[in-house]
Amino acid sequence: MTTQEDFLPINGTDYVEFYVGNAKQAAFYYQTAFGFQPLAYAGLETGLKDRTSYVLVQDKIRFVFTSSLIPESEIAMHAMKHGDGVKVVALWVDDARKSWKETTERGAVSYMEPKIEQDSNGEVVLSGIHTYGETVHIFVERKNYKGPFLPGYVAWNPEYRTKDAGLRYVDHMVGNVGWNEMNTWVNFYAETMGFKQLVSFDDKDISTEYTALMSKVMSNGNGRIKFPINEPAEGKKRSQVEEYLDFYGNSGVQHVAMATDNILHTVSELRRRGIEFLTVPGSYYDTVLNRVGSIDEEILQLRDLGILVDRDDEGYLLQIFTKPVEDRPTVFYEIIQRKGAKSFGKGNFQALFEAIELEQEKRGTL
Ligand code: FE2
């Protein structure tokens, strides 16, 4: 048997960049509420004229918040059309030129031709391709760079610091795409990036009386990158994916799942700091152990914090979802702790959908 060589080896998620209305305040929110640490800054003081970026880090997770300093720029237009949202899902590679060549030759549309950026800390090679909506992937080759983030950024050392919340790495990032577009984007990841499909859910798996969605999970060769892709499915009322598409105005990133080694600690900390989570009915905990069997955690503690449990053939997982973190009902976060399980919590979808519908009902968007 011959194994095909991975034409797009990826070491992991390099960073996620959000285009926002006010990067300074967004950075403060992620420091204060999620426990991110200040890493780097670029703006007027570093010679930029049109934008400001704050870079935050928590273990392996790097978030960049960028806002426009001028009225008519790509960043300003993005924020106006979509609200605060993810523009860049950057992937850490060993060869950004090859990554660009392999993907564009297979049909990906170029966003940025390979270019070298340098400063006194060395050089990086960057390149990029378009994916769904206005979202892009940037390939980052940083083996010859020693600076805090990327050339052009300076270390950001504010006096204000918060304690981290135990968030460790990006587990997966979910894209919501338009009606009947799921397979288009599944094929895009398969053909241009060599990803494979992990699991599939059809609308019978994920539906309530009113709403439905369909989802397929795409993963790269070493499994470090996992991109579930959702599309809305026909139901009696407006589904959460449809609501997202209406408010985001396009396909885009729906949620970023961040992993922790101690979800009880992380979620207690996040709740204390004001993060709001979806809550399932208390009755969920009456029957959950029948479904998942024995677990290490105290069920009462999980119930107090609203943490959900699911099991697959390889183990179990604990997870919880925040409410949207901006005014529009668009981007939210998942906090996940894996104890062997490699799946995504399918057993919780029913309870979650009902919880989301309760929120939609309050917003008048169901
Ligand atoms: Fe998820």
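Within any chain, residue numbers begin from 1 and follow the written order of that chain's sequence. In keeping with the model being predicted, local features are shown solely for residues with a pLDDT of at least 70 and side-chain atom pairs are shown and tallied solely at 80 or more, while totals for entire chains, interfaces and linings include all residues. To get the side-chain values, all heavy atoms of the structure are used, and hydrogens and water are removed first.

### Some words on the overall build of the protein chain
Moving on, step 1. Every helix listed is a DSSP run of H or I at least four residues long, and every strand listed is a run of E at least two residues long, numbered separately from the N terminus. In terms of helices and strands, the protein chain carries nine helices and 17 strands.
Moving on, step 2. Projecting the C-alpha coordinates of the protein chain onto the three principal axes gives extents of approximately 60 × 55 × 40 Å.
Moving on, step 3. Buried residues in the protein chain amount to 57% of all 366 residues.
Moving on, step 4. A fraction of 68% describes how many contacts in the protein chain between residues 6 or more apart in sequence connect residues 24 or more apart.
Moving on, step 5. Under the convention used here, a 1.4 Å probe and the Shrake-Rupley method define accessible areas, while residue burial counts only the protein chains that appear. Carbon and sulfur atoms provide 49% of the accessible area of the protein chain, an area that totals close to 16,300 Å².
Moving on, step 6. With 40 positive and 53 negative side-chain charges, the protein chain shows a spacing of 3 Å between the two charge centroids. Buried means the residue's accessible area, taken with a 1.4 Å probe over protein chains only, is under 20% of the maximum for its type, while exposed means over 50%, and partly exposed covers the values in between. In what follows, residue pairs with any heavy atoms lying within 4.5 Å of each other are defined as contacts. Only four residue types enter the charge count: Lys and Arg as positive, Asp and Glu as negative, with His and the chain ends excluded. The location of each charge is read from NZ of Lys, CZ of Arg, CG of Asp or CD of Glu.

### Focus on the coordination of the iron ion
Moving on, step 1. Within the protein, His 172 (NE2), His 255 (NE2) and Glu 334 (OE) serve as the donor atoms for the iron ion, at 2.0 to 2.2 Å.
Moving on, step 2. Each metal site is built from N, O and S donor atoms within 2.8 Å (3.2 Å for Na, K and Ca), and since water is not included, such sites may look incomplete. Donor residues for the iron ion, ordered by position in the chain, follow H-x82-H-x78-E. With His 172 in strand 10 (residues 167-176) and His 255 in strand 14 (residues 252-260), this pair connects stretches of sequence that are 83 residues apart. We note that His 172, like His 255, is buried.

### So, the domain arrangement of the protein chain
Moving on, step 1. Just so you know, the domain bounds were taken from an automatic or database domain assignment. Split into domains, the protein chain comes out as domain 1 (3-155) and domain 2 (167-363).
Moving on, step 2. In this structure, domain 1 and domain 2 have C-alpha centres spaced 24 Å apart.
Moving on, step 3. At the junction of the two partners, domain 1 supplies 47 residues and domain 2 supplies 40 residues.
Moving on, step 4. Summed over both partners, the interface of domain 1 with domain 2 buries about 3,300 Å², with 62% contributed by carbon and sulfur atoms.
Moving on, step 5. Each of two parts loses accessible area, computed with a 1.4 Å probe, when they are put together; buried area is these two losses added. On the domain 1 side of the contact with domain 2, Phe 34, His 82 and Tyr 132 bury the most area, a combined 22% of that side's loss.
Moving on, step 6. Any Lys or Arg side-chain nitrogen found within 4 Å of a carboxyl oxygen on Asp or Glu counts as a salt bridge. Among the salt bridges present, the one from Arg 168 reaches Asp 59, with a minimum N-O distance of 2.6 Å.
Moving on, step 7. Identification of polar contacts relies on pairs of N or O atoms within 3.5 Å, with a donor-acceptor requirement for protein atoms, meaning one able to donate a hydrogen and the other able to accept it, and with residues adjacent in sequence counted only if both atoms are side-chain atoms. Between domain 1 and domain 2 we count 12 residue pairs in polar contact (both at pLDDT 80 or more) in total.
Moving on, step 8. The greatest single-element share of the side of domain 1 that touches domain 2, amounting to six residues, is contributed by helix 1 (residues 23-34).

### Description of the pattern of salt bridges
Moving on, step 1. Enumeration over the complete set of coordinates arrives at 24 salt bridges.
Moving on, step 2. Of the charged contacts, one joins Lys 98 and Glu 102 as a salt bridge, the two residues approaching to 3.4 Å between their closest N and O atoms. With a gap of four residues between them, Lys 98 and Glu 102 both fall in helix 3 (residues 96-105), about one helical turn apart.
Moving on, step 3. Residue Lys 98 is classed as partly exposed on the basis of its relative accessible area of 35%.
Moving on, step 4. The partner of Arg 272 in a salt bridge is Glu 269, with the nearest N and O atoms 2.7 Å apart. Residue Arg 272 and its partner Glu 269 are located together in helix 6 (residues 263-272), separated by three residues, close to a single helical turn.

### Thoughts on helix 9 (residues 349-363)
Moving on, step 1. The terminal C-alpha atoms of helix 9, which comprises 15 residues, lie 21 Å apart, in line with the 21 Å expected from a rise of 1.5 Å per residue.
Moving on, step 2. Those residues of helix 9 that fall on the buried side of the exposure criterion are Phe 349, Ala 351, Leu 352, Phe 353, Ala 355, Ile 356, Glu 357, Glu 359 and Gln 360.
Moving on, step 3. Directly beyond the C-terminal end of helix 9, a positive phi value near 70° is found at Gly 364. One fewer than the residue count of a helix, multiplied by 1.5 Å, yields its expected span.

### Description of the packing of aromatic side chains
Moving on, step 1. Between the rings of Phe, Tyr and Trp (Trp by its six-membered ring), a pair exists once the centres lie within 6.5 Å; its type follows the angle of the planes, with under 30 degrees stacked, over 60 edge-to-face, and the other angles tilted. On inspection of all chains with the given rule, the structure shows 28 aromatic pairs.
Moving on, step 2. Taken together, a centroid distance of 4.9 Å and an interplanar angle of 25° make the contact between Phe 36 and Phe 63 stacked. Taken together, the residues Phe 36 in the loop between helix 1 and strand 2 (37-42) and Phe 63 in strand 4 (residues 61-68) connect sequence positions 27 residues apart. The same class applies to Phe 36 and to Phe 63, which are both buried.
Moving on, step 3. Among the aromatic residues, those joined into a ring-pair cluster are Phe 18, Tyr 29, Tyr 30, Phe 34, Phe 36, Phe 63, Phe 65 and Tyr 333.
Moving on, step 4. We call a charge positioned above a ring when the Lys NZ or Arg CZ atom is no farther than 6 Å from the ring centre and deviates by at most 35 degrees from the ring normal. When the ring centre of Phe 7 is taken as reference, the NZ or CZ atom of Arg 106 above it lies at 3.4 Å.
Moving on, step 5. Of note, Arg 338 hangs over the ring of Phe 344, and the distance from its end group to the ring centre comes to 5.3 Å.

### Quick look at the environment of Val 89
Moving on, step 1. Examined against the element boundaries, Val 89 turns out to sit in strand 5 (residues 85-92).
Moving on, step 2. Considering only alpha carbons, one finds Val 89 and Gln 254, 165 residues apart in sequence, at a separation of 12 Å.
Moving on, step 3. Those residues in contact with Val 89 that lie beyond four places of it in its chain are Tyr 15, Thr 135, Val 136, His 137, Ile 138, Met 173, Phe 227 and Val 253.

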